[in-house]
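# Fold and geometry: a report
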Amino acid sequence: MKTKAIRESLSLGEGQSVEFIPDCGNIGVIGQTVCGFLNTSGGYVVCGVDDRGTAIGVEDPDAMGKSLEQGLQQGLSPGALVAVRAYEVEGKALLVIEVPAGKDLPYAFENVIYLRTGQTTRKADVETIRDMVLRKQVEPERWERRFSSADMNEDLDLNEIRSTLKEVTASGRFRFRDSDSPTAILEDLSVSRYGRLTNGGDVLFGTNPAVRYPQVRVRAAVFRTDKTGDTYQDMKSYEGPLVPVLEDVYSFILRNTPTVSRFRPTDLKRQDEPFYPSGAVREGLVNAFAHRDYSDFSGGITVHIYPDRLEISNTGRFPEGVTLAKLQKGTLSVLRNPDIAHVLYLRGYMEKIGRGSILIQRACTERGLPLPQWSEDDRGVTLTFFATEVTTEVTTEVTTEVMQIIGVLDGEMSRRELQDVLGLRNVEHFRKAYLQPAIQEGLVEMTIPDKPRSSKQRYRLTQRGLVLRGGESS
């Protein structure tokens, strides 16, 4: 399998710089390459592929991935969001390191600054380093790095800090110097400096950052019709630390979108799942929180649910280096809020830096939904999921036996009448293969449910059963 095929299998996107490395244990080489990507336009490092483009694999990828993450975090200065994930290609485990272009140039690995030129990594010369430093001095400091007016003693949500410490420590992705000190934890996460909280730290860990920054509120609404207006079924406004708000908004979406029920011949139990792929919706929602323009005081995040679509919008243009065409193919970019994104990544919310759009599209295709669309205008960026049809009852597969009983059940019938119509003599077989599965799936119901063994017991189709049989309704 050649490197081109490996790139396609891993969905690394088109036009991205990729370095293939056979030995994952050489943190020095990997760190230099990662540093070079951070200082230029980003890229991927794929570990476990030899010089001939053959996947040779990685032993114990989970342990190796954690070791790499810790080594990179310790060696890189300043800290940066670098994601390490294990994937399987042709039965071989590979490690993929996603490196977005950095915003805090120059980056160094073990106190040496590296650049990426073509397919090679080299040390930066003095002139290049001087140019990087001068550019950094004249560029305005990004919003998330500016100091917040929050009081470190009064305005911090200590529960959020403890939750972050617990989740990050359990993941093995990052090591804290002092896990007993909230201030030290925030400094390690680059959201606090000199005893002061940054705006990014306020958004993540402030008890109520909306008091200082009203634009961090999230508004969600469910509309009765497919046109915008005041005719809505539910409307909420959420404020507080970023992650709890994200979870509340995600729950709002699940609560106000249909549930799909699937029936499979190999499983007697009904499988219920959200109408829109939950992983795709979650990815889109996390991206809105990570990439939005927090400096726009008139902006925010909005979620609108219509009968035929779901819209997730955030203020700000596409991230640097991203266009509609590139987004659909998957592309790394300069993160607008790398500090916020880094904490989301460490907590397990932001897994795919450059390939999230590909995975969102793939999940919708596998569900049989139209491809989602991204759009950009003066108000911001909107991700729209489309529904094929809106229904709370979607049935795909049931057993042949269940379909037979649904097909012959007319009005209210006894067990004996059903067996006779179907030509079945074995009572136990009829109960296990036909009647019980139909009842368990909510397709058939008893007329006397409180007395299942009553001699007067009859059976009839439920509304679900009528719909499955041919769109009938009661």
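This text gives an overview of the structure that appears in the document.

Calculation notes
Residues numbered from 1 in each chain as written. Predicted model: local features only at pLDDT ≥ 70, side-chain atom pairs only at ≥ 80, totals over all residues. Heavy atoms only, no water. Pairing = 2+ DSSP bridges. Helix = DSSP H or I, 4+ residues; strand = E, 2+ residues; numbered from the N terminus. Axes fitted to C-alpha atoms, helices over the stretch in contact; angles between N-to-C directions. Expected span 1.5 Å × (residues − 1). Buried < 20%, exposed > 50% of the residue type's maximum accessible area, 1.4 Å probe, protein only. Contact = heavy atoms within 4.5 Å. Core = buried A, V, L, I, M, F, W, Y, C linked by side-chain atoms within 4.5 Å.

## Description of the sheet that holds strand S12 (residues 232–238)
- The mixed open sheet is built from 6 strands, whose spatial order is S12-S11-S15-S16-S18-S17. Only two strands of the sheet have a single neighbouring strand rather than two, namely S12 and strand S17 (373–377). Strand-to-strand twist across the sheet, computed as the mean angle between neighbouring axes with direction ignored, equals 15°.
- As defined by bridge partners, strand S11 (residues 218–223) adjoins S12 across 6 bridges and the pair is classed as antiparallel. What sits directly across from alanine 221, in S12, is methionine 235.

## Description of helix H12 (residues 356–367)
- The terminal C-alpha atoms of H12 lie 17 Å apart, and with 12 residues this matches the ideal 16 Å at 1.5 Å per residue to within 8%.
- Those residues of H12 not exposed but buried are Gly356, Ser357, Ile358, Ile360, Gln361 and Cys364.
- Buried residues along H12 sit against helix H9 (278–291), helix H10 (324–329), S17 and strand S18 (380–386).

## Here we look at the nonpolar core
- Counting 84 residues, the largest nonpolar core has Leu242 and Phe385 as its most contacted members.
- Tallying contributions element by element places helix H8 (residues 242–255) first for this core, with 8 residues.
- Ranked by size, the runner-up nonpolar core spans 22 residues in total, among them Val45, Leu95, Ile97 and Val99.

## What about the pairing of strand S8 (residues 120–123)?
- Relative to S8, strand S7 (residues 112–117) runs antiparallel, the two being bridged by 4 bridges. Considered in S8, the bridge of tyrosine 114 is made with lysine 123.
- Between S7 and S8, which follow one another and run antiparallel, lie 2 residues, and glycine 118 among them has a positive phi close to 65°.

## Here we look at the sheet that holds strand S4 (residues 83–89)
- If you trace the 4 strands from one edge of the open sheet to the other, you get S1-S2-S5-S4, paired in mixed fashion. Both edges of this open sheet fall to strand S1 (18–21) and S4, since each of them pairs with a single strand only. Adjacent strand axes in the sheet meet at a mean angle of 25° when their direction is disregarded.
- Looking at chain direction, S4 and strand S5 (residues 92–99) are connected through 7 bridges and run antiparallel. Across the sheet, residue glutamate 88 finds its bridge partner in S5, namely alanine 93.
- Of the strands in this sheet, S1, strand S2 (43–47) and S5 are in contact with helix H2 (residues 27–39), which crosses S2 at around 165°.
- Lying over the sheet, helix H3 (residues 61–75) contacts S2, S4 and S5, oriented at roughly 20° with respect to S5.

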